[in-house]
Amino acid sequence: MNEKLEQVKARIKKLMAIANDPNSSENEVFQATKMSQKLMVKFHIEMKDVVDLSDEKINTFIIGTYPSHMAFLFQTLAENFRLDSFFTQTYRSCVLKVCGLSSDIEIGLPVIKKILDYALKESEKFAKIYKSLSPEEIYERYLEIKKDVRIVKRSFMDGFRKRIKEKFDENLIEMRSEYGSTSLMVIGIPEVVENYVAKNLRIKKVNKVFDDESFWGYQRGKQSADQYGDVR
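So, here is what we can say about the structure in this document. Bear in mind the structure is a predicted one, so any value in this text is a computation, not a measurement.

It is worth spelling out the overall build of the chain at this point. Looking only at helices and strands, the chain features eight helices and three strands. The helix and strand sequence of the chain, counted from the amino end, reads α-α-β-α-β-β-α-α-α-α-α. When the 232 residues of the chain are sorted by exposure, 46% land in the buried category. In the chain, the share of contacts with a sequence separation of at least 24, taken over all contacts with a separation of at least 6, comes to 78%. Surface accessibility of the chain: about 12700 Å² in total, with carbon and sulfur atoms responsible for 50%.

Structural data, given as structure tokens:
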């Protein structure tokens with residue numbers, strides 16, 4: 001059994017190496033992270049068993065500057081990788097930051113960054129198409145009154161985030177079914193991180209609710225998330 005466990009740990013380390021490799025594609029990064037997470041849950045392996053945590057610390061890290069309508073997607077991604085998230089906002093953009101154990105940041109950061117960059121690129125491509133169409137063309141094709149492109153981008157990101165979260169949730173349900181709820185200790189923001197954030201940081205979370213949205217943009221966002229690859 002010990003030999004089997006060591007083989008699993010070696011497999012997890014290889015998957016983590018793929019997730020951190022800048023030459024890996026977005027889908028390779030996501031799949032490697034997903035599989036390492038499932039192996040840790042299945043065999044009750046904690047991060048300290050595969051990563052040297054002798055110098056483990058709680059750190060904060062700046063992801064980068066993105067449009068403010070991407071903050072909710074960022075928050076959803078960070079939570080899935082055991083990281084608390086926050087941001088400082090400027091005009092129409094925000095600096096996205098995470099707080100968590102250094103090992104979780106090391107593993108989650110490249111995946112989060114690649115998904116954000118992919119979503120941003122796809123939303124800009126869609127916005128360019130949307131702007132090129134006349135109000136008559138948009139209504140004829142999609143029965144939608146032409147909206148401000150900012151609303152369309154925001155709706156796209158809402159759809160993208162919703163579909164990614166659905167995939168994350170499906171993955172958790174699958175793991176609970178296979179390995180039992182008590183085995184999900186490796187999932188979720190560690191209590192020590194939550195306590196640190198509550199004591200030391202002034203967290204700004206997403207709390208805006210928008211009434212106006214583009215149904216077409218929302219659906220295209222969900223489709224784009226599906227095209228990213230099977231992340232279940």
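On we go from here.
Right, let's talk about the packing of helix α4 (residues 102-132) against helix α8 (residues 215-227) for a bit. Two numbers describe how α4 lies on α8: the axes approach to 11 Å, and their chain directions differ by 140°. Viewed along their axes, α4 and α8 adopt a mutual orientation that is oblique. The element α4 and its partner α8 pack so that their crossing is right-handed. Residue-level inspection shows Y118, E122, F126 and Y130 of α4 in contact with α8, the latter providing W216, G217, R220, S224 and Q227. Classifying every residue of the contact of α4 with α8 gives four nonpolar, three polar and two charged.

Further remarks concern helix α3 (residues 71-80). Counting buried residues along α3, eight of its 10 residues qualify, which places the element largely inside the surrounding structure. Of all the positions in α3, only A71, L73, F74, Q75, T76, L77, A78 and N80 are classed as buried. Positive backbone phi, at 65°, marks R82, one or two positions downstream of α3.

Counting through the fold element by element, E144 comes out in the loop between α5 (135-142) and α6 (149-179). An unpaired buried charge is present at E144: no salt bridge exists, and K147, the closest side chain of opposite charge, is 5.7 Å distant. In this structure the side chain of E144 is engaged in a polar contact, spanning 3.1 Å, whose partner is the backbone nitrogen of F215.

Our focus in this paragraph is the packing of aromatic side chains. Inspection of the entire model under this criterion finds six aromatic pairs. When the centroid spacing of 6.1 Å and the interplanar angle of 45° are considered together, the rings of Y118 and F160 count as tilted. Of the two residues, Y118 is situated in helix α4 and F160 in helix α6; the sequence distance between them amounts to 42 residues. When sorted by exposure, Y118 lands in the same class as F160, which is buried. Their ring planes at 85° and their centres at 5.0 Å tell us that F126 and W216 sit as a pair that is edge-to-face. You can see F126 sitting in helix α4 and its partner W216 sitting in helix α8, a full 90 residues away along the chain. Comparing F126 with W216, the two get one shared label, buried. Looking at R161, its charged tip hangs above the ring of F72, at a distance of 4.0 Å from the centre.

Judged by side-chain polarity, Y139, L143 and I145 come together as a nonpolar surface patch covering roughly 360 Å² of accessible area. Judged by its relative accessible area of 65%, L143 falls in the exposed class.

With that settled, consider the sheet that holds strand β2 (residues 84-90). Taking strand neighbours across the sheet as the criterion, the three strands line up as β1-β3-β2 in an open arrangement whose pairing is antiparallel. For this open sheet the edge positions go to β1 (58-67) and β2, each flanked by a neighbour on one side alone. Pairs of neighbouring strands in the sheet enclose a mean axial angle of 20°, with direction left out of account. With seven bridges joining them, β2 and strand β3 (residues 93-101) adopt antiparallel strand pairing. Bridge pairing in β3 links F86 to K97. Docked against the sheet, α3 engages β1, β2 and β3, running at close to 10° with respect to β3. Running at roughly 5° to β1, α4 makes contact with β1 and β3 of the sheet.

Scoring rules and cut-offs
Residues numbered from 1 in each chain as written. Predicted model: local features only at pLDDT ≥ 70, side-chain atom pairs only at ≥ 80, totals over all residues. Heavy atoms only, no water. Helix = DSSP H or I, 4+ residues; strand = E, 2+ residues; numbered from the N terminus. Buried < 20%, exposed > 50% of the residue type's maximum accessible area, 1.4 Å probe, protein only. Contact = heavy atoms within 4.5 Å. Areas by Shrake-Rupley, 256 points an atom, 1.4 Å probe, with all protein chains shown as cover. Axes fitted to C-alpha atoms, helices over the stretch in contact; angles between N-to-C directions. Parallel < 35°, antiparallel > 145°, perpendicular 65-115°, else oblique. Left-handed = near helix turned anticlockwise from the far one by under 90°. Nonpolar A, V, L, I, M, F, W, Y, C, P; charged D, E, K, R; others polar. Lys, Arg positive; Asp, Glu negative; His and termini not counted. Salt bridge = Lys/Arg side-chain N within 4 Å of Asp/Glu carboxyl O. Polar contact = N/O pair within 3.5 Å; in protein donor to acceptor, adjacent residues only side chain to side chain. Phe/Tyr/Trp six-rings, centres within 6.5 Å; stacked < 30°, edge-to-face > 60°. Lys NZ or Arg CZ within 6 Å of the ring centre and 35° of its normal. Patch = residues over 30% accessible without salt bridge, like charges linked within 9 Å, V, L, I, M, F, W, Y side chains within 5 Å. Pairing = 2+ DSSP bridges.

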